[in-house]
Amino acid sequence: QVQLVESGGGLVQAGGSLRLSCAASGQTFSNYAMGWFRQAPGKERDFVAGISWSGGSTYYADSVKGRFTISRDNAKNTVYLQMNSLKPKDTAVYYCARKGYYSSSYYADSEYDYWGQGTQVTVSS
C-alpha cells in the first residue's frame, strides 16, 4: 500500500524559510513523478510544484517561482519542498502527491493518484 507522509510544516514569520519533506513507502518511488499542492481555508487545492521521476525536470506555479524549490532523493524515497521568502499568502495545508504513471499534466490534481495527509504551514505578517 502506498503511503505518503509529509513533515516540516509549522509557523514562520514572513520572509522566513521552511523545508517540507514527504516520505514515500509501498512503491518503487523512483518510477514516479511527484508533486506538491496546497489548500488555503475556503479555497481550492492548487498546484505548487512538480518533479519528474529522475529529478531532471521541475515545474512551478507562477506564485512560487524563484522562492520555492522542489527536489527528491530517490535513495531515501523522499521529496522535498524548500520554501524561502515566505509570505502570509503562502499559508495553507501542503500536500504531497504521486503523479499517475501514465498521466501527462503536472498541474491538475486529478492527475495524481495518491496523497499524503497534509502539513500546515502558517506564515505570520
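Right, let's walk through the structure included here. All values reported here derive from a predicted model rather than from experimental measurement.

Across its full length, the protein chain holds zero helices and eleven strands. When the helices and strands of the protein chain are placed in sequence order, the string is β-β-β-β-β-β-β-β-β-β-β. For 125 residues, the compact-globule estimate of 2.2 N^0.38 gives 14 Å, and the C-alpha radius of gyration of the protein chain, at 13 Å, lies within 12% of that figure. Among the 125 residues that make up the protein chain, the fraction classed as buried is 45%. A sequence separation of at least 24 residues applies to 57% of the contacts in the protein chain between residues at least 6 apart. Carbon and sulfur atoms make up 45% of the accessible area of the protein chain, which amounts to about 6,300 Å² in all. Each charge sign in the protein chain was given a centre, from 12 positive and 9 negative side chains, and these centres are 6 Å apart.

For the structure on display, the rule yields five salt bridges. One salt bridge in this structure joins Asp90 and Arg67, with 2.7 Å as the shortest N-O distance. With a gap of 23 residues between them, Asp90 in the loop between strand E8 (78-83) and strand E9 (92-99) and Arg67 in the loop between strand E6 (58-60) and strand E7 (68-73) connect regions that are remote in the sequence. One salt bridge connects Asp113 with Arg98, and the closest N-O pair in it is separated by 2.8 Å. Note that Asp113 is positioned in strand E10 (residues 112-115) and Arg98 in strand E9, a separation of 15 residues in sequence. A relative accessible area of 37% means that Asp113 is categorised as partly exposed. The network of salt bridges with common partners includes Arg38, Arg67 and Asp90.

The biggest cluster of nonpolar side chains holds 33 residues, and the ones touching the most others in it are Trp36, Leu81, Met83 and Tyr94. Looking at this core, the elements that each hand over two or more residues are strand E3 (18-25), strand E4 (34-39), strand E5 (45-51), E7, E8, E9 and strand E11 (119-124).

Enumeration according to the criterion identifies nine aromatic pairs in this entry. Between Tyr59 and Tyr107, the ring centres sit 6.3 Å apart and the planes meet at 85 degrees, which makes this aromatic pair edge-to-face. Of this pair, Tyr59 sits in strand E6 while Tyr107 sits in the loop between E9 and E10, and the two are 48 residues apart along the sequence. A relative accessible area of 25% places Tyr59 in the partly exposed class. Among the residues examined, Tyr107 registers a relative accessible area of 46% and is labelled partly exposed. When the ring of Tyr112 is compared with that of Trp115, the centres are 6.0 Å apart and the planes differ by 55 degrees; the resulting orientation is tilted.

Calculation notes
- Residues numbered from 1 in each chain as written.
- Predicted model: local features only at pLDDT ≥ 70, side-chain atom pairs only at ≥ 80, totals over all residues.
- Heavy atoms only, no water.
- Helix = DSSP H or I, 4+ residues; strand = E, 2+ residues; numbered from the N terminus.
- Rg over C-alpha atoms; globule rule 2.2 N^0.38 Å.
- Buried < 20%, exposed > 50% of the residue type's maximum accessible area, 1.4 Å probe, protein only.
- Contact = heavy atoms within 4.5 Å.
- Areas by Shrake-Rupley, 256 points an atom, 1.4 Å probe, with all protein chains shown as cover.
- Lys, Arg positive; Asp, Glu negative; His and termini not counted.
- Charge placed at Lys NZ, Arg CZ, Asp CG, Glu CD.
- Salt bridge = Lys/Arg side-chain N within 4 Å of Asp/Glu carboxyl O.
- Core = buried A, V, L, I, M, F, W, Y, C linked by side-chain atoms within 4.5 Å.
- Phe/Tyr/Trp six-rings, centres within 6.5 Å; stacked < 30°, edge-to-face > 60°.

All we've got here are geometric facts, nothing functional implied.
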